[in-house]
Amino acid sequence: MGSAARYTISMDERLLKKFDSHIARKGYANRSEAIRDLIRDSLVAEEWGKANEKVAATVTLVYNHHASDLSDRLTEIQHHHGGLVVASTHVHLDNDNCLEVVILRGKSQTVRSLSEQLIALKGIKHGKVVLTTEGKKLW
Ligand code: NI
C-alpha cells in the first residue's frame, strides 16, 4: 500500500447507521476497510466492462456425471481453450454429483463468454462465475 490519505465523507445519518450495522454483520473491524472493499469491487467491475482488459475468474459447476456426455463435453471445451483455462479441480461429492472449479485467465470478453458457455451446458445443476482481477491495478 502507498501512503494513506485521510478523507471525510458526508452522508445521511440513517444511511450511515444502516451501513454500520451492515458492516458489523459482515465482520468488518472498521468503516475504512469496508469502504476500501466497496471501491475495489467497483474498480474490478469497471475492468470487466473493458473487452480487452486482462482478468481472472473462477467458474464453479455442480453436475451429475451420469448426465449424458457432460463430463466429456466439459473436458473437451477446456482442452479447446487451453490458453484461457489455468487450472481445474474436480471433487466427487457423492455417487452421482461432481463439483468442478475452473480457473480462467485472459481478456474479459473471452473469459466471460467461456464462463457462460460452461454454465449453460445441459446437465449443469448449478453454475456460478466469480469475475475477479489480476490485481495489478488495485492496492
Ligand atoms: Ni466426479
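Described below are features of the structure shown in this document. (Residues numbered from 1 in each chain as written. Predicted model: local features only at pLDDT ≥ 70, side-chain atom pairs only at ≥ 80, totals over all residues. Heavy atoms only, no water.)

1. Quick notes on the overall build of the protein
In plain terms, the rule: Secondary structure elements are defined from DSSP: runs of H or I of at least 4 residues count as helices, runs of E of at least 2 residues count as strands, and each element is numbered from the N terminus. Our radius of gyration is a C-alpha quantity, and the globule rule it is checked against amounts to 2.2 Å times the number of residues to the power 0.38. Burial status follows relative accessibility: with a 1.4 Å probe on protein chains alone, a residue under 20% of its type maximum counts as buried, one over 50% as exposed, and anything between as partly exposed. Throughout, a contact is declared for two residues whenever any of their heavy atoms are within 4.5 Å. Using a 1.4 Å probe, accessible areas were evaluated by the Shrake-Rupley method; residue-level cover was limited to the displayed protein chains. In summary, the charge assignment counts Lys and Arg as positive and Asp and Glu as negative, without counting His or the chain termini. To locate a charge, take atom NZ for lysine, CZ for arginine, CG for aspartate or CD for glutamate.
Of regular secondary structure, the protein possesses four helices and four strands. Counted from the first residue to the last, the protein has its helices and strands arranged as α-α-β-α-β-β-α-β. A compact globule built from 139 residues would reach a C-alpha radius of gyration of about 14 Å, whereas the protein, at 19 Å, exceeds it by more than 25%. Each of the three principal axes of the protein carries a C-alpha extent, and together these read 55 × 35 × 20 Å. Looking at the protein as a whole, 27% of its 139 residues are labelled buried. Pairs at least 24 apart in sequence give 66% of the contacts found in the protein among residues at least 6 apart. Approximately 9,700 Å² of the protein is accessible, and the part contributed by carbon and sulfur atoms is 53%. Side chains of the protein give 20 positive and 17 negative charges; the mean places of these two sets differ by 7 Å.

2. With respect to the pairing of strand β3 (residues 97–107)
What counts is decided by this rule: Between any two strands, pairing holds if DSSP finds at least two bridges.
Here strand β1 (residues 54–64) runs beside β3; their pairing, made up of eleven bridges, is antiparallel. The partner of Tyr63 across the bridge, within β3, is Cys98.

3. Some points on the nonpolar core
Here is the rule: Residues belong to one nonpolar core when they are buried, are Ala, Val, Leu, Ile, Met, Phe, Trp, Tyr or Cys, and are joined through side-chain atoms within 4.5 Å.
Counting residues in hydrophobic clusters, the biggest one holds 21 residues, and the most contacted among them are Leu61 and Leu118. Among the elements of the structure, α2 (31–48), β1, α3 (70–80), β3 and α4 (108–120) are those that each provide at least two residues to this core. It is β1 that provides the largest number of residues to this core, a total of five residues. Residues within four places of Leu118 in sequence aside, it is in contact with Val59, Leu61, Leu74, Ile77, Val102 and Ile124.

4. Quick notes on the sheet that holds strand β2 (residues 85–92)
Strands belonging to one sheet form pairs held by backbone hydrogen bonds; the direction of such a pair is parallel or antiparallel. The criterion, for reference: The angle between two axes is taken between their N-to-C directions and runs from 0 to 180 degrees, where each axis is a line fitted to C-alpha atoms and a helix contributes only its stretch in contact.
One open sheet accounts for four strands, arranged β2-β3-β1-β4; its pairing is antiparallel. Looking at the sheet topology across the chains shown, the edges are occupied by β2 and β4 (124–133). Going from strand to strand, the sheet's axes swing by 15° on average, the running direction of each strand aside. The pairing of β2 with β3 spans seven bridges and is antiparallel.

5. Notes on the coordination of the nickel ion
Test applied: Any N, O or S atom lying within 2.8 Å of the metal counts as a donor, and for Na, K and Ca the limit rises to 3.2 Å; water is left out, so some sites can look incomplete.
Only His90 (NE2), His92 (ND1) and Cys98 (SG) from the protein coordinate the nickel ion, and they sit 2.0 to 2.4 Å from it. Between consecutive donor residues of the nickel ion, the sequence gaps follow H-x1-H-x5-C. Residue His92 is classed as exposed on the basis of its relative accessible area of 63%.

6. Here we look at the side chain of Ser115
Following the sequence through the fold, Ser115 ends up in helix α4. Excluding its chain neighbours within four sequence positions, the residues that come into contact with Ser115 are Val59, Leu104 and Val129.

Geometric values such as these leave the question of function open.
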